[in-house]
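# Coordinate analysis (summary)
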Amino acid sequence: KATGFDTHFRDFVENLSRTDDGDLDPHALERLKIVIGYMCHRFHRESQRKCVILIDRLTDDNFFDRSNGGTGKGLLIRSLSQIVNTITINGKAFKSTSEDRFALAGVTESHELVNFDDASDKFDFESIFPHITGDFHVRRMRQNPTTIPGERAPKIVITTNHRIDGSDTSHRRRQVVIEISPYYRLQLEENGMTPEDIHGGKELCGDEWDDNDWSEYYRFVFECIQL
């Protein structure tokens, strides 16, 4: 940790990487820092383009498809949107229907991250295969389709409480799955404490952050990018 000032954002990411017993898992932290760095730069290595999937960790009292969320996945993406131009799409409504042809209509070449938020168990992952590894095609109603070349395409992250269907090679090679600790959900359930309560009474990346908070945030993000 840096010294001389609070490290709220670093502490937040560390808390997302804790074991069920509350201990910091160094391997989980390193994986999470790597995907934060990946999402926060625009460079694409053609053979290694991935979709980041942030999912609640499976525990004895938190079975797949019965999760309560509240683990900080969405808060992490909202925090990173301070440094990358992010568009959020309702992942729960994204299913294999004709209406989803226009689900990405709001994406432009200025966007750096596309966030499918709170994806359901019906999320049609296969339909975004081309967007992950190829050119990013965008359909807009009553307009000609447009294409963002792959080297300039936004990266994709999915937050979910559910399994994403598909276990074959085509699915696995496009995914980086990061399990998120139940730390914040347990703090709320057991102690009535929100992330704001835990981190100095300030909303993460909120208006009450001072220069030191922002400096620490940028320092940590740059550390992740370097990693």
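So, here is what we can say about the structure in this document. Computed from a prediction, not measured in an experiment: that's the story for all the values here.

Conventions used here
Residues numbered from 1 in each chain as written. Predicted model: local features only at pLDDT ≥ 70, side-chain atom pairs only at ≥ 80, totals over all residues. Heavy atoms only, no water. Pairing = 2+ DSSP bridges. Helix = DSSP H or I, 4+ residues; strand = E, 2+ residues; numbered from the N terminus. Axes fitted to C-alpha atoms, helices over the stretch in contact; angles between N-to-C directions. Contact = heavy atoms within 4.5 Å. Phe/Tyr/Trp six-rings, centres within 6.5 Å; stacked < 30°, edge-to-face > 60°. Buried < 20%, exposed > 50% of the residue type's maximum accessible area, 1.4 Å probe, protein only. Lys NZ or Arg CZ within 6 Å of the ring centre and 35° of its normal. Salt bridge = Lys/Arg side-chain N within 4 Å of Asp/Glu carboxyl O.

## Quick word on the sheet that holds strand β1 (residues 51–56)
The sheet built from five strands is open, its strands ordered β2-β3-β6-β1-β7 with parallel pairing. Single-partner strands in this sheet number two, and they are β2 (86–90) and β7 (175–180). Direction aside, neighbouring strands of the sheet carry axes that sit 20 degrees apart on average. The pairing of β2 with strand β3 (residues 113–119) spans five bridges and is parallel. Bridging from a neighbouring strand, Ile87 pairs with Val114 of β3. Helix α2 (residues 26–39) rests against β1, β3, β6 (155–160) and β7 of the sheet, and its axis sits at about 125 degrees to β7. Contacts between helix α3 (residues 73–80) and the sheet are confined to β1, β2, β3, β6 and β7, with β1 contributing the most and set at about 140 degrees to the helix.

## A short note on the packing of aromatic side chains
Inspection of the entire model under this criterion finds 13 aromatic pairs. Seen from their ring centres, Phe125 and Phe129 are 5.6 Å apart, and the 80 degrees between their planes marks the pair as edge-to-face. Of the two residues, Phe125 and Phe129, neither departs from the other in class, the shared state being buried. Clustering of aromatic rings is evident, with ring pairs tying together Phe9, Phe12, Tyr183, Tyr184, Trp209, Trp214, Tyr217, Tyr218, Phe220 and Phe222. In this arrangement the basic side chain of Arg18 is found over the ring face of Tyr183, its NZ or CZ atom lying 5.9 Å from the centre. Directly above the aromatic system of Phe129 lies the positively charged group of Arg174, at a separation of 4.1 Å from the ring centroid.

## Section: the pattern of salt bridges
Counted by the stated rule, this structure contains nine salt bridges. Across the pair Lys33 and Glu223 runs a salt bridge whose closest N-O atoms are separated by 2.5 Å. With Lys33 in helix α2 and Glu223 in helix α8 (residues 211–226), this pair connects stretches of sequence that are 190 residues apart. By relative accessible area, Glu223 is classed as partly exposed at 26%. One salt bridge connects Arg152 with Glu109, and the closest N-O pair in it is separated by 2.2 Å. Taken as a pair, Arg152 in the loop between β5 (146–148) and β6 and Glu109 in the loop between β2 and β3 lie far apart in primary sequence, 43 residues in all. By relative accessible area, which is 38% here, Arg152 ends up partly exposed. Put simply, Arg10, Lys33 and Glu223 are held in one network by salt bridges that share partners.

## Focus on helix α6 (residues 183–191)
Three or more residues of α6 are buried, namely Tyr183, Tyr184, Arg185 and Gln187. Buried positions along α6 lie against α1 (8–15) and α7 (195–198). One or two positions beyond α6, positive phi appears at Gly192, with a value near 70 degrees.

## Regarding the pairing of β3
Sheet faces and side chains relate simply in a regular strand, where the side chains alternate between the two faces. The element β3 is largely enclosed, with a buried count of five among its seven residues. Of the strand pairs in this sheet, β3 and β6 are connected by five bridges, and their pairing is parallel. By the bridge assignment, Asn115 is partnered in β6 with Val157.

## Some points on unusual backbone geometry
For residues other than glycine, phi is negative in most cases, and the peptide bonds are mostly trans. Even without a glycine there, the phi angle at Asp118 is positive, about 60 degrees. Among the secondary structure elements, Asp118 is positioned in strand β3. One non-glycine residue, Cys205, lies in the positive phi region at around 60 degrees. Relative to the helices and strands, Cys205 resides in the loop between α7 and α8.

## Some details on the environment of Thr194
With respect to the element layout, Thr194 can be found in the loop between α6 and α7. Overall, the relative accessible area of 31% leaves Thr194 in the partly exposed class. Residues Thr194 and Gly70 lie 124 residues apart in sequence; the distance between their C-alpha atoms is 9.6 Å.

## Considering the pairing of β6
Here β6 lies mainly inside the structure; six of its six residues are buried. Alternating positions in β6 separate into two faces, Lys155, Val157 and Thr159 on one and Ile156, Ile158 and Thr160 on the other, with burial throughout. One ladder, built from five bridges, connects β1 with β6; its direction is parallel. Pairing of Ile53 across the sheet is with Ile158, part of β6.

Spatial relationships are all this shows, so hold off on functional conclusions.
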